[in-house]
Amino acid sequence: MTDYPSLYLAIDGEQVAVGDRRTFAVVNPASGDTLAELPLADAADLDRALDAAGRGFRTWRYTPAAERARVLHGAAALIRERADSLARIATMEQGKPLAEARMECMAVAGWFDFAAGECQRLYGRELVRPVGQRSVVRWEPVGPVAAFAPWNFPLANPGRKLGAAVAAGCSIILKSAEETPASALAIVQALYDAGLPTDVAQAVFGVPDEVSRHLLASPVIRKLSFTGSTVVGKHLAKLAADNMIRTTMELGGHGPVLVFGDADVDKAVATAAAGKTRNAGQVCVSPTRFIVEESVFERFRDGMAERLGATRVGDGLDKDTQMGPMANARRPDAIGKFVADAKDKGARVETGGERIGNQGFFFQPTVLSEVPLDAEVMHEEPFGPLALVNPYAGEDAMIAEANRLNYGLAAYAWTSDAPRQRRLADALEAGMVGINTHMIAGPDAPFQGVQWSGHGSEDGPEGVKACMVVKAVHEG
Ligand code: NAD
């Protein structure tokens with residue numbers, strides 16, 4: 001593919017090419033064809049990145065907020081300017097429709113602009129003390145950050161981690177997913193082009209377990225920001241604990257959606273169907289478990305089956321495509337297994353349920369109904385275009401089902417009853433709750449989970465503060 005860029009590691013101002021390093025074949029998920037070979041960092045590469053990150057931090061931490069803001073605003077402008085080519089790269093390596101990839105560019109630009117403003121409002125406070133004494137509380141950057149970002153949002157996942165670290169005055173070593181490296185490199189390049197010193201942000205790729213063990217064992221790294229599965233998050237939290245490294249963990253979810261009899265059911269169906277097919281369901285806040293009051297169950301189920309069944313699935317580069325392929329070969333296999341297991345245990349397939357063709361990694365948008373609780377997919381995050389629709393009797397049973405799992409990332413509810421809306425906001429155990437909406441993210445809104453969905457926030461003022469520590473200074 002001619003317009004897919006060549007790949008490298010961005011270490012201390014150098015574009016490190018393959019040389020005699022191991023490589024990883026980056027694949028277009030719409031065709032299964034190899035796009036390019038990615039060099040994988042060895043221990044010496046990681047040590048150079050750590051040296052640079054330590055050095056970059058020593059200067060960037062004292063760089064005035066106005067200069068940090070200038071860089072972030074500049075990078076945001078470049079990302080908007082380059083949105084068409086960035087979106088194309090993201091679609092080629094990840095599969096999502098071009099329009100979604102373009103929206104990711106805008107999200108990164110919006111976050112960089114917000115973080116730029118936020119870093120100029122990192123006020124400390126002065127405490128009241130007797131004459132001649134002084135006590136102040138200051139916010140300081142935590143130090144060099146190791147950031148591990150997954151493949152589902154190849155631009156936005158790296159972008160939100162880079163923006164927060166740069167705004168806070170930290171340096172950062174980013175290891176984005178090996179499956180989607182060019183998008184991450186393009187975001188880092190936009191920061192360099194806007195004037196970010198190259199030792200402040202670096203991009204490495206490698207064997208994930210090797211890279212994380214190496215970086216987290218280093219005394220240079222002071223913070224880990226990870227987005228990915230709960231199982232990997234728990235493993236990394238243990239590694240981080242050995243060096244008492246602070247962590248932000250954005251892990252899995254199992255998006256419950258409560259649909260009550262008094263809801264605008266048509267709007268709930270349209271919103272849920274769009275949410276479920278977005279990025280082929282590979283979204284940590286994707287709506288997944290539809291907990292529907294009996295009186296509207298059939299209407300909701302049939303509406304979802306009709307909408308999902310009519311989704312145009314195809315290559316993300318094709319402008320008519322509404323849902324692209326899944327991002328890698330593991331995903332259709334995993335969704336196929338979830339469907340087979342649920343069917344065996346008594347679930348009904350309302351639409352979909354099959355892989356599409358044998359080229360690329362396509363799977364039909366799928367609605368399962370009457371899914372028994374012992375089906376694996378009722379416990380594990382499907383991370384695919386799979387909607388589980390079950391009937392329930394009344395609010396208490398619906399809330400109990402929503403809170404049944406250890407996950408607590410996003411929860412949604414559809415109801416026109418105002419007192420019930422407030423009860424649900426109180427009762428749902430999640431880091432983000434959407435009532436009559438699935439719009440739960442934005443540059444100014446903190447994004448986070450509870451329980452097995454992780455801890456710490458990204459985005460919003462909280463995302464920048466997550467890269468900082470407080471220091472109290474007392475003068476007698
Ligand atoms: P995975 O859990 O092995 O990998 C998820 C991400 O973590 C990848 O980007 C991977 O490169 C990274 N990773 C894995 N092991 C690592 C390590 N030891 N150190 C550092 N990074 C590491 O598997 P997967 O097949 O890519 O995804 C499986 C599941 O992960 C999905 O079904 C979904 O539940 C979850 N996931 C969640 C998100 C999210 O946004 N929260 C994103 C991607 C995947």
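By the naming in an unreviewed UniProt entry, the protein chain goes by Aldehyde dehydrogenase family protein and is assigned to Aurantiacibacter arachoides. For the protein chain, the Sequence similarities (unreviewed entry) comment in UniProt is given as "Belongs to the aldehyde dehydrogenase family."

Undergrad: Please provide a residue-by-residue account of the UniProt feature "domain: Aldehyde dehydrogenase" (unreviewed entry) in the protein chain, values included.
TA: UniProt annotation of "domain: Aldehyde dehydrogenase" (unreviewed entry) refers to residues 21–473 when read in the numbering used here. Overall, residues 21–473 shows 41% helix and 21% strand. The separation of its end C-alpha atoms is 48 Å.

Undergrad: Please provide a residue-by-residue account of the site of the ligand, values included.
TA: The environment of the ligand is formed by 20 residues, the closest being P150, S212, G228, S229 and F383. Mapped by element, the contributors of at least two residues to the shell around the ligand are α7 (208–216) and α8 (230–242). Take the shell around the ligand: its biggest share by element is 3 residues, from α7. Split by domain, the residues of the shell around the ligand number at least three in each of domain 1 (9–251 + 451–475) and domain 2 (255–435).

Undergrad: Go over the domain arrangement of the protein chain, please, and point to the residues and values.
TA: Per the domain assignment, the segments of the protein chain are domain 1 (9–251 + 451–475) and domain 2 (255–435). Its C-alpha centre places domain 1 at a distance of 31 Å from the equivalent point of domain 2. Listed per partner, the contact involves 18 residues of domain 1 and 23 residues of domain 2. Looking at the side of domain 1 that touches domain 2, the elements that each hand over two or more residues are α3 (83–94) and α4 (98–118). Partitioned by chemical class, the residues of the side of domain 1 that touches domain 2 number 6 nonpolar, 8 polar and 4 charged.

Undergrad: Describe α8, with residues and values.
TA: The end-to-end C-alpha distance of α8, which contains 13 residues, comes to 19 Å, matching closely the 18 Å that a straight helix rising 1.5 Å per residue would cover. Contacts from the buried residues of α8 go to α7, β10 (223–227), β11 (246–250) and β23 (454–455). Of the residues flanking the end of α8, it is M244, one or two places downstream, whose phi is positive at about 50 degrees.

Undergrad: So what's going on with the pairing of strand β13 (residues 289–293)? Which residues, and what values?
TA: Of all 5 residues making up β13, 5 are buried, and the element is well covered by its neighbours. Neither face of β13 is exposed, since R289, I291 and E293 on one face and F290 and V292 on the opposite face are all buried. Pairing analysis gives 4 bridges linking strand β12 (residues 256–259) to β13, with the strands arranged parallel. Note on β13: the bridge partner recorded for V259 is V292. At this point the chain moves from β12, through helix α9 (residues 265–277), to the parallel β13, and the crossover so formed is right-handed.

About the cut-offs
- Residues numbered from 1 in each chain as written.
- Predicted model: local features only at pLDDT ≥ 70, side-chain atom pairs only at ≥ 80, totals over all residues.
- UniProt positions renumbered as here; feature names shortened; annotations may be inferred.
- Helix = DSSP H or I, 4+ residues; strand = E, 2+ residues; numbered from the N terminus.
- Near = placed C-beta within 6 Å.
- Domains from an automatic or database assignment.
- Contact = placed C-beta atoms within 7 Å.
- Nonpolar A, V, L, I, M, F, W, Y, C, P; charged D, E, K, R; others polar.
- Expected span 1.5 Å × (residues − 1).
- Buried ≥ 20, exposed ≤ 12 C-beta atoms within 10 Å, placed from the backbone.
- Pairing = 2+ DSSP bridges.
- Right-handed = clockwise from strand over helix to strand, strands pointing away.

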